[in-house]
Amino acid sequence: MVDLRDSLGRRWQIAIDSEYALCDEQEVVNEYGFEIDARPNRIWVDGKLAHAVKVGDDWWVHLNGAIHVVSIDEQGAGGTGEADGMIAPMPGKVLEILCEEGDVVEEGQTLIVMEAMKMEHRISANEAGTVVTIHHAVGEQVDAGATLIDIDSVEKFN
Amino acid sequence: MLGPDWMKDAPHPITKVLVANRGEIACRIFRSCAELGIGSVAIYSESDRGSLHQQTADESVFLPGDSLADTYLNIEAILSAARETGADAIHPGYGFLSERSAFANAVKEEGIVWIGPSAHAIDEMGDKISARRAMIEANVPVIPGEELPLGEPEDMVDELVRAATRVGYPLLLKASAGGGGKGMRVVREPRNLQREYAAASREAATSFGDGTVYVERLLEKSRHVEVQVLCDSHGNAVHLFERECSIQRRHQKVVEEAPSPVLEEITRARMGEAAVNAASAVDYEGAGTVEFLLAEDGDFHFLEMNTRLQVEHPITECISGTDLVVEQIRVAAGLPLPFSQDDLSIRGHAIEVRIYAEDPSNGFLPAIGPLALFRPPSGPGIRLDTGVREGDEARIDFDPMLAKLIVHAPNRDAAIRRMKRACEDFVLLGVTTNLGFLCDIMGHPAYHAGETTTDFIDVNWPDGWGAHTSDVAPFIAAAAEQFGLARKSAVIESSEGRGSPYNPFQTLRRSFP
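Note that the structure is a prediction, hence the values are computed from the model and not measured.

## Points about the overall build of chain A
(1) Moving on: Counting its secondary structure elements, chain A contains one helix and 17 strands.
(2) Moving on: Burial status across chain A gives 28% buried among its 158 residues.

See the structure below:
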């Protein structure tokens, strides 16, 4: 059994030798026939050639002129756990911080300006609230997915 | 085309070209050098060690240092690399030092042939104000706009507001020294003016070391049409027709085609003539591009002249049957153009798409990752210009453009079909790219209809673009996982640039169900 998550966030549970699989707990028919090619990264799907390569936990698949990414989902890792923070959308450098800890901010207000590949990107508050923690200083390099700022949302107080 | 003695009668014979650049354009120039029978020299920085461009050249010189200022922008180091290798000419490619007159001058003072226009032409056209003045004098139509000097945004408020009011909204703030979408901001309402001015000014200062900003009316629903010109040192000048580069995201081009799907023969002739006049006004030499905005009513305005080879030059090469790099080298050697305007005609239709490592479903943000599989399409009329190959890494250090895919076909419909097929056939896995988005552009009725205005992406995907999903992909991934395809082929650590541990002798053949 392989646990997967696709780009829409759907969770799949698939056993290749079973006639059925689960997609978000719904039963779907596994009607495909697979054959591994003698060369690396090739797999035949009902007689059509697909390419597949694994990078980290992600399977990258090319089939019928389209590219798809499906992630191996670690068993029991379920739940997305929405964080109350703003996440760096790409790796880059913090150029400017437009708020201070303790500030009350509006949803959509620009809080951080980042730079990546010589372009500026504005990171805005994803909700109204109070800035609790600023995790990075001006000039710091951040990775994609790094939490930049924690906000205590207004709604929590109401 | 050229015999072995082709350089024999040249006033400034060239035997070895150093390319002061990297990536796909360096590779492209090295290939022409090889075909011309002249030597080539690459320069490379630490992160480009072992890159395709380093390996494509006959020789290469390592430039130490971490920053661009130490390496690809380091005039002294580049000249000393030329001395060291005996290179007698320097080609700047595009970007980097290609439009720095100080570099052109330094090269010439060293007694090395500069493959590009004169420092005077670079300066005249590089400064939007003097370019504008020269164009007005040469009777080339220009867009309403004015320049603002460098200053703190607080000090600039009055002047900024006055200029903006004269020009009119919506307007565009551009770095005077800019290009490539950097330092460029759209302002639709007066209340955003100050903030965007600050951002544009800052981007301009970091990217170009010059914070001067230019305010210009934003002409919407217009098309970006540019004319390729080629001038020699004997007073001959021709145009090689137009390219339409209207489909852009964040003011960077994504799809280009030649000829334009809408230009009428009479406008083409007028625009070509205006482009030749523009180039002649600054005594231009070599290959250059005159950009115009084409309004819906057929009026066109001079935007700027790019005094270098353009990223999208291959589509012009396809339809005109020329090799622009070869012509640049010939002109720099002092040879006359081998053709006149009457010898030139448009053959078929060509399209180029830029394949970027970026996520079109998330605001086109740059993406990084390994090129775990990189299998380009092939077939008649397909060309790929790239500086990467399988196993390389898309990194954050440079522009996210991975490759240019170019097709040539007898007519526009056939070219679109060919490009769609080529994009679909491209197996590029391991890093997010815009390939799926490019396929959708090629399949879009508005593109087929030639409705390629500069707001094409916003108009046709107002809520953004989403990748197609497939219910088969999870099964393929599961099968690959269960069959141990990962172990038998390549498991690639995303942060490492290691080569894939392929073993061609290891085979596995099983089938299910």
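Read on for the rest.
## Here's the deal with the pairing of strand S22 (residues 401-409) of chain B
One face of the sheet, then the other: side chains in a regular strand alternate in exactly this way.
Residue and element names in this part refer to chain B.
(1) Moving on: By the criterion of burial, S22 is predominantly enclosed, with eight of the nine residues buried.
(2) Moving on: By the bridge criterion, eight bridges tie strand S15 (residues 349-356) to S22 in an arrangement that is antiparallel. Each bridged residue has a counterpart across the sheet, and for Val 353 the counterpart in S22 is Leu 405.
(3) Moving on: Sheet analysis places strand S20 (residues 382-386) next to S22, joined by five bridges and oriented antiparallel. Looking at the pairing, Arg 383 lines up with Ile 406 of S22.

## Here we look at the nonpolar core
(1) Moving on: Within the largest apolar cluster, 149 residues are counted, with the highest numbers of intra-cluster contacts made by Ala 52 of chain A together with Ile 476 of chain B.
(2) Moving on: In contact with Ile 476 of chain B, not counting residues within four places along its chain, are Ile 43, Val 45, Ala 50, Ala 52, Val 61 and Leu 63 of chain A.
(3) Moving on: One finds Met 156, Leu 160, Leu 193 and Ala 199 of chain B within the second-largest nonpolar core, a separate group that totals 18 residues.

## With respect to the pairing of strand S4 (residues 26-29) of chain A
(1) Moving on: One ladder, built from four bridges, connects strand S3 (residues 20-23) of chain A with S4 of chain A; its direction is antiparallel. Looking at the pairing, Cys 23 of chain A lines up with Gln 26 of chain A of S4 of chain A.

## Details of the sheet that holds strand S1 (residues 16-19) of chain B
All names here are of chain B.
(1) Moving on: Strands sit in the order S3-S2-S1-S4-S5 across an open sheet of five strands; the sheet is parallel. Strands with a single pairing partner mark the edges of an open sheet, and in this sheet they are strand S3 (59-62) and strand S5 (113-114).
(2) Moving on: Here S1 runs beside strand S2 (residues 39-44); their pairing, made up of four bridges, is parallel. Among the inter-strand pairings, Val 17 is bridged to a residue of S2, identified as Ser 40.
(3) Moving on: Against the sheet, helix H1 (residues 23-36) engages S1, S2 and strand S4 (89-91), with an angle of about 165° to S2.

## A word on the domain arrangement of chain A
(1) Moving on: What the domain assignment lists for chain A is domain 1 (2-72) and domain 2 (85-157).
(2) Moving on: Distance from the C-alpha centre of domain 1 of chain A to the C-alpha centre of domain 2 of chain A: 36 Å.

## Here's the deal with the domain arrangement of chain B
(1) Moving on: Each assigned domain of chain B is listed here: domain 1 (16-115), domain 2 (144-217), domain 3 (220-347), domain 4 (357-463) and domain 5 (471-513).
(2) Moving on: When each unit is reduced to the centre of its C-alpha atoms, the spacing between domain 2 of chain B and domain 4 of chain B is 31 Å.

## Re the environment of Asp 37 of chain A
Residue and element names in this part refer to chain A.
(1) Moving on: Relative to the elements of secondary structure, Asp 37 occurs in the loop between strand S5 (34-36) and strand S6 (42-45).
(2) Moving on: The exposure class assigned to Asp 37 is partly exposed, which follows from the 17 C-beta atoms found within 10 Å.
(3) Moving on: Placed 13 residues apart in sequence, Asp 37 and Ala 50 show a C-alpha to C-alpha distance of 9.7 Å.
(4) Moving on: Filtering out sequence-adjacent residues up to four positions away, Asp 37 remains in contact with Arg 42, Ile 43 and Trp 44.

## Some points on the environment of His 91 of chain B
Residue and element names in this part refer to chain B.
(1) Moving on: Relative to the helices and strands, His 91 is located in strand S4.
(2) Moving on: Residue His 91 is classed as buried on the basis of its C-beta count, with 29 C-beta atoms lying within 10 Å.
(3) Moving on: Put simply, His 91 and Leu 68 are 23 residues apart on the chain and 18 Å apart in space, counted from C-alpha to C-alpha.
(4) Moving on: Apart from residues no more than four positions distant in its own chain, His 91 is found in contact with Val 17, Val 19, Ile 29 and Ile 115.

## Some points on the sheet that holds strand S12 (residues 252-258) of chain B
Residues and elements named next belong to chain B.
(1) Moving on: The eight strands lie next to each other as S14-S13-S10-S11-S12-S15-S22-S20, forming an open sheet whose pairing is antiparallel. Because the sheet does not close on itself, it has two edges, and the strands there are strand S14 (300-306) and S20. The mean angle between the axes of side-by-side strands here comes to 25°, regardless of whether they run parallel or antiparallel.

## Quick notes on helix H9 (residues 265-281) of chain B
Residues and elements named next belong to chain B.
(1) Moving on: Compared with the 24 Å implied by 1.5 Å per residue over 17 residues, the 24 Å span of H9 between its first and last C-alpha is a close match.
(2) Moving on: Residues Met 271, Gly 272, Ala 274, Ala 275, Val 276, Ala 278 and Ala 279 constitute the buried set of H9.
(3) Moving on: In this fold, the buried residues of H9 make contact with helix H6 (128-137), strand S10 (223-231), strand S11 (237-249), strand S13 (286-294) and S14.
(4) Moving on: In the stretch just after H9, Asp 283 is the one whose phi turns positive, near 50°.

## Focus: the confidence of the model for chain B
All names here are of chain B.
(1) Moving on: In this model, chain B carries a mean pLDDT of 89, and residues with pLDDT of at least 70 account for 91%.
(2) Moving on: Low pLDDT, under 50, characterises residues 494-513; the stretch is placed with 30 contacts to residues that sit more than four places away or in other chains.
(3) Moving on: For this predicted complex, the interface score ipTM comes out at 0.81, while the overall pTM is 0.79.

Basis of the calculations
Residues numbered from 1 in each chain as written. Chains lettered and ligands numbered in written order. Predicted model: local features only at pLDDT ≥ 70, side-chain atom pairs only at ≥ 80, totals over all residues. Helix = DSSP H or I, 4+ residues; strand = E, 2+ residues; numbered from the N terminus. Buried ≥ 20, exposed ≤ 12 C-beta atoms within 10 Å, placed from the backbone. Pairing = 2+ DSSP bridges. Core = buried A, V, L, I, M, F, W, Y, C linked by C-beta atoms within 7 Å. Contact = placed C-beta atoms within 7 Å. Axes fitted to C-alpha atoms, helices over the stretch in contact; angles between N-to-C directions. Domains from an automatic or database assignment. Expected span 1.5 Å × (residues − 1). pLDDT = per-residue confidence, 0-100.

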